[in-house]
Amino acid sequence: MSRPAHRRPEYHKINKDLFVLTYGALVAQLCKDYEKDEDVNKYLDKMGYGIGTRLVEDFLARSCVGRCHSYSEITDIIAQVAFKMYLGITPSVTCNNSSRNAFSLILDKNPLVEFVEELPAGRSSLCYCNLLCGIIRGALEMVHLAADVTFLQDRLKGDSVTEIGITFLKKLDEKKYRRKK
Amino acid sequence: SSGRCWYHRARGWRMAGAVPFVFLHAEMVAELGARDTDTDPGPGGQKRSLEGTGFRVGQALGEREELDALKFLCKDLWVAVFQKQVDGLCTNHQGTYVLQDNSFPLLIPMALGLQYLEEAPKFLAFTFGLLRGALRTLGFESLVTSSVATLPACKFQVVIRKS
């Protein structure tokens, strides 16, 4: 019988687990520090924002994304390039309004909750993955796009899907966006 | 511009999966560290909190290795030796695992009469050793027991011993 496969360290898997487990430990720590769910959510969003403002540079360097002409293209890139690259998943994108500035990312799989079966007791309003909203918001702001990013639905709260809503706040100013960063 | 082809998989995609942890860690050092010094002005405060988080994550990663070893037993080892997989695996996440086999092949010849139930342990002893030996090679010390309620179904209880 040959040596079982798992004896060779699966670095990719260990690394992904490392991020997911560390994130879980962070949420647990914040739940200890803050009594109110809203405060934990706000803090996760704030930390995500900080990460997003720095992550966008890493993303642009790795992905060689070209110029975008619409909010729809930008949302597609977030879902099909950024999420795929960093988390290995591809949320599907829907457009929520006729002005085409409000979109949803539907997460069918969510690696962040791989080890989470349900929200902790007494934490029914916790947006467990709120870091993601902050990251998207921070990254967009660094490319001069203001947006509101929140969870519209959450499987951990009993909804049928997990849905992140992105609402771009200003009309896409083409002239401004063409300017080199 | 060409519409659909606005990106391509540059070499930068490799190792991108390692990036989220690095960025999260940096943010944790900045944020948690800043908050810790408010409540615990001692010089070790910030590092203790981060170290505690690291410790918990390390424990969880170690548990994944243990679970992988058990899955090897339930799938690869069982198929190689008994031509079937274990039917169920449970754990209390504290080092105890229960392997459920609804039709354990070494008990099947005995399954004809209930009066043989007290003979069952003799037919399981070899398999106890098999499990302990396999786990030893995989780096785990263990204790194996079993319970047989209805032949030929049985449960093997494996307790991983912390060194």
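No experiment lies behind these values; they were computed from the predicted model shown. Sequence order as written defines the numbering, with residues in each chain counted from 1. All chains are assigned letters beginning at A, and all ligands numbers beginning at 1, according to the order in which they are written. Two thresholds apply to this predicted model, a pLDDT of at least 70 for residue-level local features and 80 or more for giving and counting side-chain atom pairs, whereas whole-chain, interface and lining totals are computed over all residues. With hydrogens and water excluded, all non-hydrogen atoms of the structure serve as input to the side-chain values.

**Structural notes on the overall build of chain B**
Alright, step 1. Looking only at helices and strands, chain B has three helices and four strands in total.
Alright, step 2. Any pair of residues with heavy atoms lying within 4.5 Å of one another is described as a contacting pair. Across chain B, contacts joining residues at least 24 apart in sequence account for 49% of those joining residues at least 6 apart. Counting from the N terminus, the helices are the DSSP runs of H or I reaching at least four residues and the strands are the DSSP runs of E reaching at least two.

**Overview of the confidence of the model for chain B**
All names here are of chain B.
Alright, step 1. On average, residues of chain B score 83 in pLDDT, and 81% of them reach the 70 mark or higher.
Alright, step 2. Taken element by element, the predicted model of chain B shows its lowest mean pLDDT in helix H1 (residues 19-39) (80) and its highest in strand E2 (residues 96-101) (96).
Alright, step 3. Each residue carries a pLDDT value, the predictor's own confidence for that position, ranging from 0 to 100. The model gives residues 1-7 a pLDDT under 50, and that stretch makes 15 contacts with residues more than four places away or in other chains.
Alright, step 4. Listed scores for the predicted complex are pTM 0.75 and ipTM 0.88.

**Remarks on the sheet that holds E2(B)**
Residue and element names in this part refer to chain B.
Alright, step 1. Here the rule is simple: two strands pair whenever DSSP picks up at least two bridges between them. Spatial ordering of the open sheet is given by E1-E2-E4-E3, a layout of four strands whose pairing is antiparallel. The open sheet is flanked by strand E1 (88-91) and strand E3 (141-147), the only strands paired with a single partner. The sheet shows a mean angle of 20° between the axes of neighbouring strands, direction not considered.
Alright, step 2. Pairing between E3 and strand E4 (residues 154-161): seven bridges, direction antiparallel. Counterpart to glutamate 141 in the pairing with E4 is arginine 161.
Alright, step 3. Packing of helix H3 (residues 120-137) onto the sheet brings it into contact with E2, E3 and E4, and relative to E3 it is tilted by some 155°. What counts as an axis is a line fitted to C-alpha atoms, over the stretch in contact for a helix, and the angles between N-to-C directions run from 0 to 180 degrees.

**Focus on the pairing of strand E4 (residues 162-168) of chain A**
All names here are of chain A.
Alright, step 1. Within E4, six of the seven residues are buried, leaving the element largely enclosed by the surrounding structure.
Alright, step 2. Sheet analysis places strand E2 (residues 102-107) next to E4, joined by six bridges and oriented antiparallel. If you follow leucine 107 over to E4, its bridge partner there is threonine 162.
Alright, step 3. Pairing geometry for strand E3 (residues 147-153) and E4, over six bridges, is antiparallel. Within E4, the position partnered with aspartate 148 by the bridge is threonine 167. Using a 1.4 Å probe on the protein chains alone, a residue whose accessible area is under 20% of its type maximum counts as buried, one over 50% counts as exposed, and one in between counts as partly exposed.

**Brief notes about helix H2 (residues 37-63) of chain A**
Alright, step 1. Working definition for bend: take the seven residues up to and ending at a residue and the seven starting at it, fit an axis to each, and measure the angle between the axes. Along its length, H2(A) reaches its greatest deviation from straightness, about 35°, at A:Arg54.
Alright, step 2. Just downstream of H2(A), A:Cys64 is the residue with a positive phi angle, here 50°.

**Concerning the environment of B:Glu27**
Alright, step 1. By the element assignment, B:Glu27 lies in helix H1.
Alright, step 2. We classify B:Glu27 as buried; its relative accessible area is 7%.
Alright, step 3. With 48 residues separating them along the chain, B:Glu27 and B:Lys75 place their C-alpha atoms 40 Å apart.
Alright, step 4. Discounting chain neighbours no more than four positions away, the residues touching B:Glu27 are A:Met47, A:Gly50, A:Ile51, A:Arg54 and B:Leu32.
Alright, step 5. Here A:Arg54 takes part through its side chain, which lies 2.7 Å from a polar atom of the side chain of B:Glu27. Here a polar contact means two N or O atoms within 3.5 Å. Within protein one must be a hydrogen donor candidate and the other an acceptor candidate, and residues neighboring in sequence count only if both atoms are side-chain atoms.

**Quick word on the layout of surface pockets**
Alright, step 1. Think of a 1 Å grid over the protein atoms and nothing else: a 1.4 Å probe that fits but is trapped marks a cavity, an open set flanked by protein within 12 Å on at least five of seven lines marks a pocket, and residues with an atom within 4 Å of a point count as lining. Grid points are joined across faces, edges and corners, and a volume is the space filled by probe spheres set on the points. Taken as a whole, the largest pocket spans an internal volume of roughly 780 Å³.
Alright, step 2. A:Leu21, A:Gly24, A:Phe115, A:Val116 and B:Ala60 are the residues nearest the centre of the largest pocket, which is lined by 24 residues in total.
Alright, step 3. At the level of secondary structure, the elements contributing two or more residues to the lining of the largest pocket comprise helix H1 (11-33) of chain A together with helix H2 (45-82) of chain B.
Alright, step 4. A total of eight residues in the lining of the largest pocket trace back to one element, the largest contributor, which is H1(A).
Alright, step 5. Residue composition of the lining of the largest pocket, grouped by class: 15 nonpolar, two polar and seven charged. Ten residue types, Ala, Val, Leu, Ile, Met, Phe, Trp, Tyr, Cys and Pro, are classed as nonpolar, four, Asp, Glu, Lys and Arg, as charged, and the remainder, Gly among them, as polar.

**Focus on the confidence of the model for chain A**
Alright, step 1. Residue-level pLDDT values for chain A average 88, and 87% of them are 70 or greater.
Alright, step 2. Confidence over residues 175-181 of chain A falls short of pLDDT 50; this stretch has nine contacts with residues more than four positions distant or in other chains.

**Concerning the sheet that holds strand E1 (residues 92-95) of chain A**
Residues and elements named next belong to chain A.
Alright, step 1. Strand order across the open sheet formed by four strands is E1-E2-E4-E3, with antiparallel pairing between neighbours. The sheet is open, and its two borders are formed by E1 and E3, each paired with just one other strand. Each adjacent strand pair in this sheet contributes to an overall mean axis angle of 25°, direction not counted.
Alright, step 2. The strands touched by helix H3 (residues 71-87) within the sheet are E1, E2 and E4, with E2 carrying the most contacts at an inclination of about 20°.

**Here we look at the interface of chain B and chain A**
Alright, step 1. On the chain A side, the residues contacting the 37 residues of chain B number 45 residues.
Alright, step 2. Here the quantity called buried area is the total loss of accessible area, with a 1.4 Å probe, experienced by two parts when brought into contact, counted for both. Overall, the association of chain B and chain A removes approximately 3,900 Å² of surface from exposure, summing both partners, and the carbon and sulfur fraction of that is 66%.
Alright, step 3. We define a salt bridge as a contact between a side-chain nitrogen of Lys or Arg and a carboxyl oxygen of Asp or Glu at a distance within 4 Å. The tally of links from chain B across to chain A stands at four salt bridges.
Alright, step 4. Seen at the junction of chain B and chain A, the total is four residue pairs in polar contact (both at pLDDT 80 or more).

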